[in-house]
Amino acid sequence: MSASQFGSRFVITTFGESHGTALGVVIDGCPAGVNFDEGLLKKELERRRPGHHGSGQIVSGRQETDAPEVLSGVFDGKTLGTPMAIIVRNQDARSQDYSVIKNSPRAGHADDMWKNKFGHSDHRGGGRSSGRETVSRVMAGSVAQMMMKHVSAPTKVIGYASQIGPMTLTDAERAEVSKKDIDSFQARFPSSRDQEVADLLKKAQDNGESHGGVAEILIQNPPAHLGQPVFHKLKSDLAMAFLSVGATNGFELGLGFEAAEVKGTQFHQGPQDAYGGIRGGISTGESILLRVSFKPTSSILDVAKKGRHDPCIVTRAIPVLEAMTWLVLADHYLWSKTDRI
C-alpha cells in the first residue's frame, strides 16, 4: 500500500494498525541541532489519549499508555538530521470485540471499502482506518513543533471545538479562545456551556447516538511567505492535511463559505482576517484561521453501546489537527529556504 507518506521537505511515513504490535512514524528531513523535547512529545500524546482533563465519560474507553520509544535520529538531546523513528506499542486492544464485523461490515465505516479495494485487510478495530492511526501523526507533529520553536518561537497553534452537535460558540467566546486553557474544558469547547456539551455527549453515548461538529485552528504569528503560488499553496496543503484525518467532511479558510454572501467591496475593504492570513496561497504573517467539519461518528445504536467508541470525534481530533498544522508549517518553512538565492 502506498500513500502513507506526507510532506515534501519535512517528510513523514506512518505505519501500524489499530490492534497490531505498535504504531509509529519515520521522520526524514528534520534538520540537525533541534532541541528534542521529550516532555512536549509525551504531553501531546497525552492530549490525544481518551480521558484528558476529566473527559473520560464522553470518549472511547480504550486506554493505551502511548509511551513513546525513540529508536533513532536523536543523540544528547538534539536531532541528528538523520531519519527519526518513534513508536508506541498497543496494550489495550480487544480484538474479539470485532469478530462479528469480519464478514459483516459496520455502516458508515471503511471496513468493506478497504477489503474490497485491497482484497485483504485487518478488520480488528478498523485496522489502519482506525482513529488510532492518528497517534503517529501526533508524534510527527510534536517533532515539527520542536523544529518550528527552534526557527520561529512566536508561532502558536491553538485548536478548539467551535461547534458540537447543535451547540455553537458565540462570536464573543471565539474572540477569547487565545486567552483560555482549551484543555481545561471537557469537550475542548471553550465556553461556560462546556458542561452542557459534555452532558449532550454523555447522553448520546448512553443511547448509542453520535454527533458531528466543527473544529477551528488558529495560527498566531506564523512566518510570512510560506506556501507556493500554484500547486502547493499553503491553504491547499492545510486542506489536504486536515481532510486526510478520518471523519472530516469540510474545510474553510478565513471567512470561508460566508464570503459567497458578501459584496466584493465588503470583503476586500473589510477586516484583513476575511482572507484568513493567506493571500495568493502564501502566508502574510497575520493570524491564520482554519475551520474543519466532522461528520457524526459512524458507530451508533447497538454497535456503539457494546464497543468503545467516541460519541463525537471533534474533541479527540483537535490535537491531531494541531499536529497536522505543525507538519505543514515545518514542511513549508524548509521549502521557503530554497525559494530564492
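A short tour of the structure in this document, coming up. (Residues numbered from 1 in each chain as written. Predicted model: local features only at pLDDT ≥ 70, side-chain atom pairs only at ≥ 80, totals over all residues. Heavy atoms only, no water.)

1. Brief notes about the sheet that holds strand 9 (residues 167-168)
So, point 1. Ordered in space as 9-8-10-14-11, the 5 strands form an open sheet in which the pairing is antiparallel. This sheet does not close on itself; its edge strands, each paired only once, are strand 9 and strand 11 (248-253).
So, point 2. Bridge analysis of strand 10 (residues 213-220) against strand 14 (residues 288-294) gives 7 bridges, and the strand direction is antiparallel. Along strand 14, the bridge assignment pairs Ala-215 with Val-292. (Pairing = 2+ DSSP bridges. Helix = DSSP H or I, 4+ residues; strand = E, 2+ residues; numbered from the N terminus.)

2. Focus: unusual backbone geometry
So, point 1. One non-glycine residue with positive phi stands out, namely Asp-76, at about 55°.
So, point 2. Tracing the backbone through its elements, the reader meets Asp-76 in the loop between strand 5 (74-75) and strand 6 (78-79).
So, point 3. For Asp-76, a relative accessible area of 66% puts it in the exposed group.
So, point 4. Even without a glycine there, the phi angle at Ala-247 is positive, about 75°.
So, point 5. Judged by its relative accessible area of 23%, Ala-247 is partly exposed. (Buried < 20%, exposed > 50% of the residue type's maximum accessible area, 1.4 Å probe, protein only.)

3. Let's talk about the environment of Arg-89
So, point 1. Tracing the sequence through the fold places Arg-89 in strand 7 (residues 84-89).
So, point 2. Residue Arg-89 is classed as partly exposed on the basis of its relative accessible area of 40%.
So, point 3. In this structure, the C-alpha to C-alpha distance between Arg-89 and Glu-69, residues 20 residues apart in sequence, is 8.6 Å.
So, point 4. At a separation of 2.8 Å, a polar atom in the side chain of Arg-89 contacts the side chain of Glu-69. (Polar contact = N/O pair within 3.5 Å; in protein donor to acceptor, adjacent residues only side chain to side chain.)

4. Brief notes about the packing of helix 3 (residues 134-151) against helix 9 (residues 314-336)
So, point 1. It is the contact of helix 3 with helix 9, at a shortest axis distance of 7 Å, that shows an interaxial angle of 45°. If you check the angle between helix 3 and helix 9, you find them oblique. Relative to helix 9, the crossing made by helix 3 is left-handed. On helix 9, the residues that touch Thr-134, Arg-137, Val-138, Ala-140, Gly-141, Ala-144, Gln-145, Met-147, Met-148 and Val-151 of helix 3 are Pro-319, Val-320, Ala-323, Met-324, Trp-326, Leu-327, Leu-329, Ala-330, Tyr-333 and Leu-334. (Axes fitted to C-alpha atoms, helices over the stretch in contact; angles between N-to-C directions. Parallel < 35°, antiparallel > 145°, perpendicular 65-115°, else oblique. Left-handed = near helix turned anticlockwise from the far one by under 90°. Contact = heavy atoms within 4.5 Å.)

5. Describing helix 5 (residues 194-207)
So, point 1. Its 14 residues give helix 5 an end-to-end C-alpha distance of 20 Å, which sits within 8% of 20 Å, the value for a rise of 1.5 Å per residue.
So, point 2. If you check which residues of helix 5 are buried, you get Asp-194, Val-197, Ala-198, Leu-201 and Ala-204. Buried positions in helix 5, seen along its axis, are confined to an arc of 125° and lie on one side of it.
So, point 3. Packing partners of the buried residues in helix 5 comprise strand 8 (156-164) and strand 9. (Expected span 1.5 Å × (residues − 1). Arc of directions from axis to C-beta.)

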